[in-house]
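# Commentary on secondary and tertiary structure
Listed below are the residues making up each chain.
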Number of protein chains: 2
Amino acid sequence: MRLFFEPGSVVLIGVTRRMGTGSYNNVQMMLRYGYSGRVFVVHPKVKEIAGVEAFPDVEALPQVPDLAVISLGRDRVLPAFTKCLRKGIKRFVVISQGFADADEEGKRLQVELARLAEDASARVVGPNTMGVVNPFNGFSTAFVDILKDPCPPPLSMIVQSGVFQVGYECFTEGMGKAIDIGNGCDVDFVDVMEYLEQDPQTKVIVLHMEGVKRGRKFLQVASRIARSKPIVVLKTGRSVAGARAALSHTGSLVGEDAVLDAAFARGGVLRVRNMLEMKAACRALLNFTPPVGPRLGVITATGACGIITADACEDYGLELAPFPETVRASLENPRIPWHRLHNPLDIWPLGMVTGSFVEVFTKGVAGLMSDPKVDAILGIAPVLPSPLHADLDMVGAVRELGSTRGIPKPLALWLYGGDQARQCALLAGVPNVACFSSIDEALLGLSALWRCETLRRSLEKTPDFPASPSVRLAPRFTTVESGVVAGNEAWRLLRDYGIPAAPGGVAGSLAHALEISKKTGYPVVLKIVSPQWVHKSDLGGIRLNVFSPVQLETAFAELLALFQRATPDGQLEGILVQKQMQGTELILGIKRDPQFGPVLLAGMGGIYTEVLKDVARSLLPLPAKEEALSLLRGLRGYPILEGIRGGVAADLSGLAQAMLSLSQLALEHPEINELDLNPVIVSPEGCWCVDCRIVLS
Amino acid sequence: MRLFFEPGSVVLIGVTRRMGTGSYNNVQMMLRYGYSGRVFVVHPKVKEIAGVEAFPDVEALPQVPDLAVISLGRDRVLPAFTKCLRKGIKRFVVISQGFADADEEGKRLQVELARLAEDASARVVGPNTMGVVNPFNGFSTAFVDILKDPCPPPLSMIVQSGVFQVGYECFTEGMGKAIDIGNGCDVDFVDVMEYLEQDPQTKVIVLHMEGVKRGRKFLQVASRIARSKPIVVLKTGRSVAGARAALSHTGSLVGEDAVLDAAFARGGVLRVRNMLEMKAACRALLNFTPPVGPRLGVITATGACGIITADACEDYGLELAPFPETVRASLENPRIPWHRLHNPLDIWPLGMVTGSFVEVFTKGVAGLMSDPKVDAILGIAPVLPSPLHADLDMVGAVRELGSTRGIPKPLALWLYGGDQARQCALLAGVPNVACFSSIDEALLGLSALWRCETLRRSLEKTPDFPASPSVRLAPRFTTVESGVVAGNEAWRLLRDYGIPAAPGGVAGSLAHALEISKKTGYPVVLKIVSPQWVHKSDLGGIRLNVFSPVQLETAFAELLALFQRATPDGQLEGILVQKQMQGTELILGIKRDPQFGPVLLAGMGGIYTEVLKDVARSLLPLPAKEEALSLLRGLRGYPILEGIRGGVAADLSGLAQAMLSLSQLALEHPEINELDLNPVIVSPEGCWCVDCRIVLS
């Protein structure tokens, strides 16, 4: 990857002869951005473009350049590419649009491009890309005249659109290395992340992702890197409309969004929902050290904004720290006996009475800073351009604190009153201090910082995500080759993995059914078992509330008659007789994601699943029981499992064990595409699977 | 109120002698802000402050000023106030802190201040306020040197903190008239709103509210004004921590936040959650005409941002309009056969191929603008400071459109690339165009605009909210004077209002119970009815699933025995025998809010209420059945009532009728403080109240 960011020589193919306004001339832009390596141009007609010698053909180049940048019409890309390969070029940026981002023909061309590259051990960024921007050495393949940050931050971007390079100030504020992988026909997130992992100019990695390939590998690499370098992702195409738009943009694979949430969580990747969160997160991660916890101390020159901050804390997942008593001692002022000190700390009355806002602010910040129960601080203060308010020099106070005692915890500032730009600039470079443009942005930033830290801590406790989990594959469990399995075969598989089923069995006769019921005890449930009756509840193939042998006899006969009438040619495996269990209905399941492999699903059952979609997901393997429990805790209905109104808790441990077993089953049986345990009944006495449906791939 | 904003003469009491930095000298600030009326100062020691003649006492003033501004320590406020009253002054701004915002003594002083004012027919703004800022005539009572907007917008603010006047550019961007009512001991939101209703310099009203008094009057006035002038409210203290902080700030009454949501909805007031929404809403309301619907057309120079916008549409309650075929015809370009046109419309490939981004952008915007299925437009375009990109003059294109064809629908712009400030300034004054600092801000703004319009439309269909609904009060329904009523009395009241109860009755004997059950049919439920058994379910005083006379006999005896054992001295009204109804459990209820009066509550029952808090609220009276139905539609569990999985819908009409009856009951029985119908069972066959509990005030 290094040659993409720091090539010694570059050839540009498909450059316009025009220069100046509206030309989008790659060569001109590259030179303006400050590239100091050797540049060649291939052009059939002219001898020179922008002062750079042009050659009629790649073959004619006097050396083999490190990198070729191709921006021809899509039909001319492959021939040019082949010529470059023949010349021995190994690195390519293919700017051209019209590949998988467009139509079937474009997809075909892209596949061919990738194949040619692989055969020649060459690497390709794109197509459909602006390529690479490296402000550290002044290298850029962009056809847009990008503003060069004279002091680029250690924040590197891997994106799928040039807009993040052109408009970086709106997305990440500052920009370090930035690569647009475009359609990602070859070089992908994993490749670049592995390069940035080792790159000393990178401390924070920001991804803009429309789709992901090599999902499990991505998570393996992310879960390794995110222990030392935070990774932030803006995954777009979250919404139905967004996903539709994404398919037409870079032709990315758009997965089920909830699975992506589970995936990023497992990979330790901080997901941001939008531009606002992205910018706030970047500012916080670039400027702040990781906080110990989510407890915020607030010092404000206006009580109203203290309340606004308290509201926002709840919105953004932060807490207000208890008010430090040491601060009370240093600030309590006998001249305003009625002034109550608490967190948020309103310093206005104190400043007015003592005559020094700076002193009160300094004491307050220092006091909050030294309290072990405060993890981060938000300071709210006016900065007015009027000379009459030069006394409100809270920015000076922060600079002073920074240079004398140091600022050991994140100090976010929201300044208002008209003089923000100038005053914030004075704080640039003060460690652990950052200015935000609103209370919300400040709290979004601190919240992202804390979420990032919790992700990092959870990575420390778990092994790297295994790209290909090392399990012994079990023999395919069934004679059925594909389709749906729901009968004895399915129950046997669950039993093999120790997943508890409701007591009972499949009866071939009434006598057998009576015998089973006698063992399990009444009431029982009867269900038709047949490959034709997979959706047995929709077909009426279930009888609940069978309380006695007499009722069983009737119900058994009714089901047999129903089966004959509805599916005269069907194969009847028997009638499943199950003890009718009491408890809370859950759903457990497995789904195989094309990118991330098997995903475990756990949710509240019945109408909870259907109407409220109260479901949590985890990628597999589940590292341990604790992760299963933590998944359950994420359900809105979790208090029901814990026992509401002083009720007794359900058998959460048994449930977690069943989830672990299911995880094992999913890994050892890759032929299973979907598996539904619905419902699973859980009560204080245990948990039991009541129905099971398996879909083979 | 006019004299507060446009006084002809002012006296300032409690002004420091100091001037310049850190003095917070009211007189100096007032003169700097440009006040041209007569100013007096009362000061015991000096002859002049800031060039203004000082008098030793109010009595000595040569005239009765229109307004007195008092900023003395709290203990000296009342004596000075009394002297002013004696002089004949009728308007006051009391700046001083330490009243209801502080402690009990402060509360007492504030009550006394309000009483004195009322007795003298004087009006007071404050205490604990910055007072009034009126940039139209250069009048300000603020002790801070506020930046004066040379061209103030028709946006007026009523706030409870000076920070909105000092830092307005962060909250509302521009500021017209602004009054800080502080603790609001006298002048409140209603007073100022009624003034702004008639004020030609006010088109949008923005409230910052910590608490509200005269709740029903507020809604009456709001529901009248909001038909012609949008009202935006930032109600703070939403969170538990925020409410706690609010109590210590201005001593406001903080109500239950969900009731406030219901109240604002009924008053047609647009609630914003935070600063981000507030600023976006203000910008949209100031610049845009109301849209016909929520359908957004998007034109973008970057496909990635089209996807981001699609995601954000879902987040912020907007829709993507279908792609207008007329635009397709005018833009389809044979030179890029693979380029698909849809909404969001990505113009980058078109601009590159045609060589004119401006032309493509203009065609696209004009096309979207003329399509009747597009209600508003978001334009996304780069604005780069480089001379090489002067061709990207989309801002020029918008100006051109504005001056030639006009822009009939809201056009929000998000511009990126570094030259935003300069280019946005060029668009100032173009009607129906506004620039936003991110896609999120643009969509927050358009969403607020659309919500405001839906509020306005709903106000048009309903009468003004009645501050005191004209109902004939029913005689108090019970002999019980206060406390909880749950027995026969309660059931009789429901019957009087036609609220259906589960069939059954209170039985005094087993024979009577058998007779009732015979009429209702089995299964039945038995419940102990006794003032001592209000929480009968916790005490085990309920028997479900009574399927036969034999079972009834047993259950009846058991309940009697239980009653004797548990409450030997209790009064037994009888045993309630009810048919056991099948259906979905709901909860209906009434709660009397101290500010807004009776509030109707409707929610999903059982664990839905307890764990998921799936509850909707409406202020009373409910105007009509449609409002009751619309309330139910707001429940997350509503699909269950509609019938999921092809099920039959519950009797929603009957349920809505019961809600209207309950509304009537609540208005006619002000002695009822709370009323719980829990559960109400609803099925396709009807709805029945199964349990009822009434709390008298």
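Residues numbered from 1 in each chain as written. Chains lettered and ligands numbered in written order. Predicted model: local features only at pLDDT ≥ 70, side-chain atom pairs only at ≥ 80, totals over all residues. Heavy atoms only, no water.

If you walk through the whole model with that rule in mind, you get 30 aromatic pairs over all chains. With a centroid separation of 6.4 Å and an interplanar angle of 75 degrees, the aromatic rings of Phe218(A) and Phe264(A) are classed as edge-to-face. Taken together, the residues span a long stretch of sequence, with Phe218(A) in helix H8 (residues 215-225) and Phe264(A) in helix H10 (residues 257-267) at a distance of 46 residues. Like Phe264(A), Phe218(A) is buried. When the ring of Trp348(B) is compared with that of Phe357(B), the centres are 4.5 Å apart and the planes differ by 35 degrees; the resulting orientation is tilted. (Phe/Tyr/Trp six-rings, centres within 6.5 Å; stacked < 30°, edge-to-face > 60°. Helix = DSSP H or I, 4+ residues; strand = E, 2+ residues; numbered from the N terminus. Buried < 20%, exposed > 50% of the residue type's maximum accessible area, 1.4 Å probe, protein only.)

Below, the discussion takes up the relation of the copies chain B and chain A. When chain B is brought onto chain A, the operation consists of a screw motion whose angular component is 180 degrees and whose axial shift is 0.0 Å, with 0.1 Å RMSD remaining. Taken together, the rotation angle and the small translation identify this as a two-fold axis. Interface residue correspondence from chain B to chain A reaches 100%, placing this contact among same-surface, isologous pairings. (Least-squares fit on C-alpha atoms with pLDDT ≥ 70 in both. Contact = heavy atoms within 4.5 Å.)

This next bit is on the environment of Pro294(A). Residue and element names in this part refer to chain A. Position of Pro 294 among the secondary structure elements: in the loop between helix H11 (275-287) and strand S15 (295-300). According to the relative accessible area criterion, Pro 294 is buried, its value standing at 17%. In the structure, Pro 294 is positioned 26 residues away from Leu 320 in sequence and 8.2 Å away in space, judged by C-alpha atoms. For Pro 294, the residues in contact, after removing those within four places along its chain, are Gly 317, Leu 318, Glu 319, Asp 375 and Trp 450.

Once the domains are mapped, chain A shows domain 1 (2-237), domain 2 (289-458), domain 3 (503-579) and domain 4 (584-696). Of note, the centres of domain 2 of chain A and domain 3 of chain A, computed from C-alpha atoms alone, are 68 Å apart. (Domains from an automatic or database assignment.)

Glancing now at the interface of chain B and chain A. At the interface, 96 residues of chain B touch 96 residues of chain A. A combined buried area of about 7500 Å² lies between chain B and chain A, and 66% of that area is made up of carbon and sulfur atoms. Joining chain B to chain A, the criterion identifies four salt bridges. The salt bridge involving Asp315(B) is made with Arg273(A); its shortest N-O contact spans 2.8 Å. Summed over the shared surface of chain B and chain A, the number is 33 residue pairs in polar contact (both at pLDDT 80 or more). (Buried area = accessible area lost by both parts, 1.4 Å probe. Salt bridge = Lys/Arg side-chain N within 4 Å of Asp/Glu carboxyl O. Polar contact = N/O pair within 3.5 Å; in protein donor to acceptor, adjacent residues only side chain to side chain.)

The next subject is the pattern of salt bridges. In total, this model carries 72 salt bridges over all chains according to the counting rule given. With a shortest N-O distance of 2.8 Å, Asp315(B) and Arg238(A) are connected by a salt bridge. With Asp315(B) in helix H12 (residues 303-316) and Arg238(A) in the loop between strand S13 (231-235) and helix H9 (240-249), this pair bridges two chains. According to the relative accessible area criterion, Asp315(B) is partly exposed, its value standing at 29%. Among the salt bridges present, the one from Asp464(B) reaches Arg227(B), with a minimum N-O distance of 2.9 Å. Residue Asp464(B) is located in the loop between helix H18 (439-461) and strand S21 (483-485), and its partner Arg227(B) is located in the loop between helix H8 (215-225) and strand S13 (231-235); the two are separated by 237 residues in the primary sequence. By relative accessible area, which is 31% here, Asp464(B) ends up partly exposed. Among the charged side chains, a salt-bridge network with shared partners connects Arg123(A), Asp186(A), Asp188(A), Asp191(A) and Arg214(A).

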